[in-house]
Amino acid sequence: MTRIVVLTGAGISAESGVPTFRGADGLWEGHRIEDVATPEAYERNPDTVLAFYDARRRAVEAVAPNAAHRALARLEEAIGGDLLVVTQNVDDLHERAGTRDLVHMHGELRRALCTGCGARPGWEGDLIHRPPCPECGERMLRPDVVWFGEMPYDLDCIENAVVACDVFASIGTSGSVYPAAGFAALAAAFGARTVELNLEPSDALVPFDDARAGPATELVPAWVEELIAART
Ligand code: NAD
């Protein structure tokens, strides 16, 4: 059996209408990254940071998964437990498309994190009004999003899957955020075939065996069909 790990980034959700991290202006939805995506920014100006993620959560509710998310769900249906999708995205478009074996290494907009008790409750509404934590009652909820300088979730599980996979695919990610940006080189060092599907070639540490440039909604369905056809 071919074991596949797919790493996705903001580019896979771009055609659903979710802007990527670094636009042409180097900003995320008009904000400097250090003003909205670091623990220091949250300490300095919690209202700005909470309002920013409240707006992102509402924006994602209004959009839908695209053909690339759906193709990965179809791949899971076809090959089951031999696929792990690791996403850097904080949106929920993979799960809404039907992917089940999914790791949100940078957290989720639809989850809050209590800095008092550590609970990570599912969250639909806003956080700006400081609602109480459903576990401990303290008003210390922040977005459950991994900021620069914080440790991503489930790294052990991800690295175990990366070193054991036969095919590693990187989809819609710029390759500039670590440790995710190092996964392709790790997979290659352990013998996996590496594939990149991105609008433009990324800043890869090690060249991909197969690098395809174009929109995810075209490249991902075509790649998935190739994989499924190769197994039948
Ligand atoms: P990034 O913005 O740094 O890079 C996006 C990449 O996608 C670029 O290389 C770009 O060329 C490519 N791309 C753009 N449109 C594409 C398309 N239609 N098809 C294929 N590729 C396309 O994003 P990243 O590498 O994921 O950076 C990381 C951080 O951004 C993550 O930590 C993530 O949490 C955060 N983020 C998430 C979302 C989301 O959840 N949708 C959105 C913005 C930022």
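Here we summarise the structure given alongside this text. Since this is a predicted model, take the numbers as computed values, not measurements. (Residues numbered from 1 in each chain as written. Predicted model: local features only at pLDDT ≥ 70, side-chain atom pairs only at ≥ 80, totals over all residues. Heavy atoms only, no water.)

1. Here's the deal with the overall build of the chain
Then, in step 1: For the chain, the helix and strand inventory stands at 9 helices and 8 strands.
Then, in step 2: The C-alpha radius of gyration computed for the chain amounts to 18 Å, which stays within 12% of the reference 17 Å derived for 232 residues, consistent with globular compactness.
Then, in step 3: Across its three principal directions, the C-alpha atoms of the chain cover 55 × 35 × 35 Å.
Then, in step 4: Within the chain, counting contacts between residues at least 6 apart in sequence, those at least 24 apart form 65% of the total.
Then, in step 5: Roughly 10,700 Å² of accessible area belongs to the chain as shown, and the carbon and sulfur atoms make up 52% of that amount.
Then, in step 6: Here the chain contributes 20 positive and 36 negative side-chain charges, whose respective centroids are spaced 3 Å apart. (Helix = DSSP H or I, 4+ residues; strand = E, 2+ residues; numbered from the N terminus. Rg over C-alpha atoms; globule rule 2.2 N^0.38 Å. Contact = heavy atoms within 4.5 Å. Areas by Shrake-Rupley, 256 points an atom, 1.4 Å probe, with all protein chains shown as cover. Lys, Arg positive; Asp, Glu negative; His and termini not counted. Charge placed at Lys NZ, Arg CZ, Asp CG, Glu CD.)

2. A short note on the site of the ligand
Then, in step 1: Around the ligand, the structure places 27 residues, and the nearest of them are Arg 22, Gln 88, Asp 91, His 106 and Ser 174.
Then, in step 2: Residue Val 90 places a main-chain N or O atom 2.7 Å away from an oxygen atom belonging to the ligand.
Then, in step 3: Between the ligand and the protein, one listed contact pairs an oxygen atom with a side-chain N or O atom of His 106 at 2.6 Å.
Then, in step 4: Relative to its unbound accessible area of 870 Å², the ligand is 92% covered by the protein chains.
Then, in step 5: For the shell around the ligand, the element with the most residues is helix α1 (residues 11–14), which contributes 3 residues.
Then, in step 6: Taken together, the residues of the shell around the ligand sort by class into 11 nonpolar, 12 polar and 4 charged. (Near = heavy atom within 4 Å. Polar contact = N/O pair within 3.5 Å; in protein donor to acceptor, adjacent residues only side chain to side chain. Nonpolar A, V, L, I, M, F, W, Y, C, P; charged D, E, K, R; others polar.)

3. Remarks on the environment of Glu 76
Then, in step 1: Mapped onto the elements, Glu 76 comes out in helix α5 (residues 67–79).
Then, in step 2: C-alpha separation for the pair Glu 76 and Gly 98, spaced 22 residues apart in sequence, amounts to 8.8 Å.
Then, in step 3: Once you skip the residues sitting within four places of it in the chain, Glu 76 turns out to touch Leu 83, Gly 98, Thr 99, Arg 100 and Asp 101.

4. Some thoughts on the pairing of strand β6 (residues 167–171)
Then, in step 1: Among the 5 residues in β6, 5 count as buried, and that is most of the element.
Then, in step 2: Burial along β6 is two-sided: Val 167, Ala 169 and Ile 171 and Phe 168 and Ser 170, pointing in opposite directions, are all buried.
Then, in step 3: Sheet analysis places strand β1 (residues 4–8) next to β6, joined by 5 bridges and oriented parallel. Each residue of the ladder has a partner; that of Val 6, found in β6, is Ala 169.
Then, in step 4: Note that β6 and strand β7 (residues 193–198) share 5 bridges and pair parallel. Within the sheet, the bridge partner assigned to Ile 171 lies in β7 and is Leu 197.
Then, in step 5: Read from β6 through helix α8 (residues 183–189) to β7, the crossover connection turns out right-handed. (Buried < 20%, exposed > 50% of the residue type's maximum accessible area, 1.4 Å probe, protein only. Pairing = 2+ DSSP bridges. Right-handed = clockwise from strand over helix to strand, strands pointing away.)

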